[in-house]
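Observations on the model geometry
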Amino acid sequence: RKTFVLTAGILLCLLVVTFAISRVLILRRFADLEDSQVMLNTRRARNALHRELDQMSRVALDYSAWDDMYAWMGRRDPDFLRSTFPENSFDATSLRLNAVVLADLHGIVLFQKGIDYHSRVPMPVPASLLSHLTVDGLMNHPDSYSPVVGLLRLPDGPWMVAAAPVTTSDQQGPMSGSLVMARQ
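The present account deals with the structure reproduced in this document. (Residues numbered from 1 in each chain as written. Predicted model: local features only at pLDDT ≥ 70, side-chain atom pairs only at ≥ 80, totals over all residues. Heavy atoms only, no water.)

Here we take up the packing of aromatic side chains. Applying the stated criterion to the full structure yields four aromatic pairs. Centroid distance Y63 to W66: 6.4 Å. Interplanar angle 80 degrees. Geometry classified as edge-to-face. Relative accessible area serves as the criterion here: at 19%, Y63 is assigned to the buried category. Among the residues examined, W66 registers a relative accessible area of 26% and is labelled partly exposed. Aromatic side chains W66 and F80 sit 5.3 Å apart centroid to centroid with 50 degrees between the ring planes, which places their arrangement in the tilted category. Separated by 14 residues along the polypeptide, W66 in the loop between α1 (2-64) and α2 (67-75) and F80 in helix α3 (residues 78-84) bring together distant segments of the chain. Overall, F80 belongs to the buried group, its relative accessible area being 10%. An aromatic cluster is defined as three or more aromatic residues linked by ring pairs; in this entry it consists of Y63, W66, F80, F85 and F111. (Phe/Tyr/Trp six-rings, centres within 6.5 Å; stacked < 30°, edge-to-face > 60°. Buried < 20%, exposed > 50% of the residue type's maximum accessible area, 1.4 Å probe, protein only. Helix = DSSP H or I, 4+ residues; strand = E, 2+ residues; numbered from the N terminus.)

For the rest of this paragraph, the subject is α1. One turn of an α-helix holds 3.6 residues; hence residues three or four places apart share an orientation. Helix length check: α1 (63 residues) gives 91 Å between terminal C-alpha atoms against 93 Å at 1.5 Å per residue, within 8%. Buried within α1 we find L53, M56, S57, V59, A60, L61, Y63 and S64. (Expected span 1.5 Å × (residues − 1).)

Next up on the list: the sheet that holds strand β3 (residues 121-122). The strand order across the open sheet built from six strands is β3-β2-β1-β6-β5-β4, with neighbouring strands paired in antiparallel fashion. Only two strands of the sheet have a single neighbouring strand rather than two, namely β3 and β4 (148-154). The pairing of strand β5 (residues 157-165) with strand β6 (residues 178-183) spans six bridges and is classified as antiparallel. Within β6, the residue paired with A164 across the bridge is L179. Most of the contacts of α1 go to β5, to which it runs at about 35 degrees, and overall it touches β4, β5 and β6. (Pairing = 2+ DSSP bridges. Contact = heavy atoms within 4.5 Å. Axes fitted to C-alpha atoms, helices over the stretch in contact; angles between N-to-C directions.)

The next subject is the nonpolar core. Formed by 24 residues in total, the largest nonpolar core has its most connected members in F85, V100, L102, L179 and M181. For this core, the secondary structure elements donating two or more residues are α1, α2, α3, β1 (99-103), β2 (109-116), β5 and β6. A per-element tally of this core places α1 first, with six residues. The residues touching F85, leaving out its near neighbours within four places in the chain, are Y63, M69, V100, L102, F111, K113, L179 and M181. Within the second largest apolar cluster, 15 residues are counted, among which are A99, V101, L129 and L133. (Core = buried A, V, L, I, M, F, W, Y, C linked by side-chain atoms within 4.5 Å.)

Considering the arrangement of structural elements, one finds L105 in the loop between β1 and β2. Overall, the relative accessible area of 44% leaves L105 in the partly exposed class.

Turning our attention to unusual backbone geometry. With the exception of glycine, most residues fall at negative phi, and the peptide bonds are largely trans. Although it is not a glycine, R120 sits at a positive phi angle of roughly 60 degrees. Summarising the element assignment, R120 is placed in the loop between β2 and β3. Even without glycine at this site, Q171 takes up a positive phi of about 55 degrees. The residue Q171 is located in the loop between β5 and β6 in this model. Overall, the relative accessible area of 25% leaves Q171 in the partly exposed class.

Spelled out as C-alpha coordinates, the structure:
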(Lines give C-alpha, C1' and ligand atoms only; values in the text may rest on other atoms or scores of the structure.)
Protein backbone atom coordinates (compact mmCIF):
# COMPACT_ATOMS: atom_id res chain seq x y z
CA ARG A 1 0.00 0.00 0.00
CA LYS A 2 2.85 2.46 0.78
CA THR A 3 4.43 1.71 -2.57
CA PHE A 4 1.19 2.51 -4.37
CA VAL A 5 0.77 5.85 -2.54
CA LEU A 6 4.43 6.74 -3.09
CA THR A 7 4.22 5.87 -6.82
CA ALA A 8 0.95 7.81 -7.21
CA GLY A 9 2.47 10.83 -5.43
CA ILE A 10 5.57 10.77 -7.62
CA LEU A 11 3.44 10.43 -10.76
CA LEU A 12 1.22 13.25 -9.60
CA CYS A 13 4.26 15.48 -8.94
CA LEU A 14 5.73 14.61 -12.35
CA LEU A 15 2.40 15.35 -14.00
CA VAL A 16 2.12 18.74 -12.26
CA VAL A 17 5.73 19.65 -13.15
CA THR A 18 5.24 18.51 -16.77
CA PHE A 19 2.00 20.48 -17.00
CA ALA A 20 3.58 23.63 -15.56
CA ILE A 21 6.62 23.47 -17.83
CA SER A 22 4.62 22.72 -20.95
CA ARG A 23 2.07 25.42 -20.09
CA VAL A 24 4.79 28.05 -19.72
CA LEU A 25 6.58 26.98 -22.91
CA ILE A 26 3.45 26.60 -25.01
CA LEU A 27 1.85 29.82 -23.78
CA ARG A 28 5.05 31.75 -24.42
CA ARG A 29 5.25 30.36 -27.94
CA PHE A 30 1.60 31.17 -28.60
CA ALA A 31 2.13 34.69 -27.27
CA ASP A 32 5.19 35.08 -29.50
CA LEU A 33 3.22 33.75 -32.47
CA GLU A 34 0.34 36.11 -31.71
CA ASP A 35 2.73 39.07 -31.39
CA SER A 36 4.34 38.28 -34.73
CA GLN A 37 0.90 37.98 -36.37
CA VAL A 38 -0.14 41.35 -34.92
CA MET A 39 3.06 42.96 -36.21
CA LEU A 40 2.58 41.37 -39.66
CA ASN A 41 -1.05 42.51 -39.89
CA THR A 42 -0.15 45.99 -38.67
CA ARG A 43 2.54 46.22 -41.34
CA ARG A 44 0.03 45.04 -43.97
CA ALA A 45 -2.54 47.63 -42.89
CA ARG A 46 0.07 50.40 -42.86
CA ASN A 47 1.26 49.39 -46.35
CA ALA A 48 -2.32 49.31 -47.66
CA LEU A 49 -2.95 52.77 -46.22
CA HIS A 50 0.27 54.10 -47.77
CA ARG A 51 -0.73 52.64 -51.16
CA GLU A 52 -4.14 54.33 -50.96
CA LEU A 53 -2.59 57.66 -49.95
CA ASP A 54 0.07 57.39 -52.69
CA GLN A 55 -2.61 56.73 -55.30
CA MET A 56 -4.73 59.62 -54.04
CA SER A 57 -1.65 61.87 -54.06
CA ARG A 58 -0.79 60.92 -57.66
CA VAL A 59 -4.32 61.68 -58.84
CA ALA A 60 -4.37 65.00 -56.96
CA LEU A 61 -1.05 65.94 -58.56
CA ASP A 62 -2.33 64.90 -62.00
CA TYR A 63 -5.34 67.18 -61.63
CA SER A 64 -3.51 70.08 -59.96
CA ALA A 65 -0.45 70.23 -62.25
CA TRP A 66 -2.53 70.90 -65.34
CA ASP A 67 -2.54 73.99 -67.55
CA ASP A 68 -6.36 73.99 -67.73
CA MET A 69 -6.71 73.86 -63.93
CA TYR A 70 -4.10 76.60 -63.57
CA ALA A 71 -6.02 78.75 -66.07
CA TRP A 72 -9.32 78.07 -64.26
CA MET A 73 -7.88 79.50 -61.05
CA GLY A 74 -7.61 82.82 -62.90
CA ARG A 75 -10.84 82.88 -64.89
CA ARG A 76 -13.14 80.44 -63.01
CA ASP A 77 -15.18 79.07 -65.91
CA PRO A 78 -17.98 76.90 -64.40
CA ASP A 79 -18.16 74.70 -67.51
CA PHE A 80 -14.60 73.56 -66.87
CA LEU A 81 -15.51 72.28 -63.41
CA ARG A 82 -18.66 70.52 -64.62
CA SER A 83 -16.61 68.64 -67.20
CA THR A 84 -13.65 68.03 -64.88
CA PHE A 85 -15.62 66.84 -61.84
CA PRO A 86 -18.86 65.26 -63.09
CA GLU A 87 -20.98 63.28 -60.61
CA ASN A 88 -19.39 59.96 -61.60
CA SER A 89 -15.80 61.23 -61.26
CA PHE A 90 -15.78 60.47 -57.56
CA ASP A 91 -16.05 56.72 -58.06
CA ALA A 92 -14.69 56.50 -61.62
CA THR A 93 -11.15 57.12 -60.40
CA SER A 94 -11.51 54.12 -58.06
CA LEU A 95 -10.50 56.44 -55.23
CA ARG A 96 -13.98 56.50 -53.74
CA LEU A 97 -13.65 60.21 -53.00
CA ASN A 98 -16.00 62.04 -50.68
CA ALA A 99 -14.76 65.56 -51.36
CA VAL A 100 -12.89 67.73 -53.82
CA VAL A 101 -12.00 71.30 -52.91
CA LEU A 102 -10.17 74.05 -54.78
CA ALA A 103 -8.86 76.96 -52.75
CA ASP A 104 -6.81 80.02 -53.62
CA LEU A 105 -3.50 80.87 -51.97
CA HIS A 106 -5.30 82.45 -49.01
CA GLY A 107 -7.41 79.38 -48.28
CA ILE A 108 -10.57 80.88 -49.75
CA VAL A 109 -12.67 78.04 -51.15
CA LEU A 110 -13.38 78.58 -54.84
CA PHE A 111 -15.02 75.21 -55.49
CA GLN A 112 -16.17 72.37 -53.30
CA LYS A 113 -18.02 69.21 -54.07
CA GLY A 114 -18.95 66.47 -51.67
CA ILE A 115 -20.62 63.13 -52.22
CA ASP A 116 -21.34 60.02 -50.22
CA TYR A 117 -19.67 57.54 -52.54
CA HIS A 118 -21.68 54.61 -51.12
CA SER A 119 -25.08 56.05 -51.95
CA ARG A 120 -23.83 58.54 -54.59
CA VAL A 121 -25.85 61.25 -52.89
CA PRO A 122 -24.37 64.77 -52.82
CA MET A 123 -23.34 65.94 -49.37
CA PRO A 124 -21.70 69.08 -48.07
CA VAL A 125 -17.96 69.10 -47.56
CA PRO A 126 -17.50 69.09 -43.77
CA ALA A 127 -16.58 72.46 -42.29
CA SER A 128 -14.03 70.64 -40.14
CA LEU A 129 -12.20 69.60 -43.33
CA LEU A 130 -12.39 73.10 -44.79
CA SER A 131 -10.95 74.54 -41.57
CA HIS A 132 -7.66 72.80 -42.41
CA LEU A 133 -7.22 74.94 -45.56
CA THR A 134 -4.50 77.09 -44.06
CA VAL A 135 -0.89 77.79 -44.92
CA ASP A 136 0.05 75.80 -41.82
CA GLY A 137 -2.24 72.92 -42.80
CA LEU A 138 -3.27 71.46 -46.12
CA MET A 139 -1.87 74.39 -48.10
CA ASN A 140 1.65 74.03 -46.70
CA HIS A 141 3.42 73.34 -50.02
CA PRO A 142 7.12 74.17 -49.78
CA ASP A 143 7.43 73.98 -53.57
CA SER A 144 5.29 73.46 -56.66
CA TYR A 145 5.51 69.65 -56.63
CA SER A 146 5.06 68.85 -52.94
CA PRO A 147 1.63 67.52 -52.01
CA VAL A 148 0.41 67.31 -48.43
CA VAL A 149 -0.80 63.76 -47.84
CA GLY A 150 -2.03 61.95 -44.76
CA LEU A 151 -4.83 61.33 -42.31
CA LEU A 152 -6.93 63.97 -40.62
CA ARG A 153 -8.88 63.21 -37.47
CA LEU A 154 -12.15 65.07 -37.86
CA PRO A 155 -15.23 64.99 -35.61
CA ASP A 156 -17.00 62.56 -37.96
CA GLY A 157 -14.02 60.18 -38.11
CA PRO A 158 -10.67 59.88 -39.89
CA TRP A 159 -10.26 61.23 -43.43
CA MET A 160 -7.54 60.40 -45.96
CA VAL A 161 -6.46 63.63 -47.62
CA ALA A 162 -4.21 64.64 -50.50
CA ALA A 163 -3.68 68.34 -51.16
CA ALA A 164 -1.58 69.36 -54.16
CA PRO A 165 -0.48 72.80 -55.35
CA VAL A 166 -2.20 74.07 -58.51
CA THR A 167 0.51 74.76 -61.10
CA THR A 168 1.06 74.49 -64.82
CA SER A 169 1.43 71.07 -66.42
CA ASP A 170 5.20 71.23 -66.14
CA GLN A 171 4.89 72.28 -62.48
CA GLN A 172 6.35 75.70 -63.21
CA GLY A 173 5.16 79.18 -62.44
CA PRO A 174 3.81 80.43 -59.18
CA MET A 175 1.32 78.25 -57.34
CA SER A 176 -2.21 79.56 -57.70
CA GLY A 177 -3.86 77.54 -54.94
CA SER A 178 -4.47 73.99 -53.78
CA LEU A 179 -6.57 71.06 -54.91
CA VAL A 180 -7.73 68.85 -52.05
CA MET A 181 -9.10 65.34 -52.50
CA ALA A 182 -10.48 63.54 -49.47
CA ARG A 183 -12.07 60.24 -48.48
CA GLN A 184 -13.69 59.31 -45.23
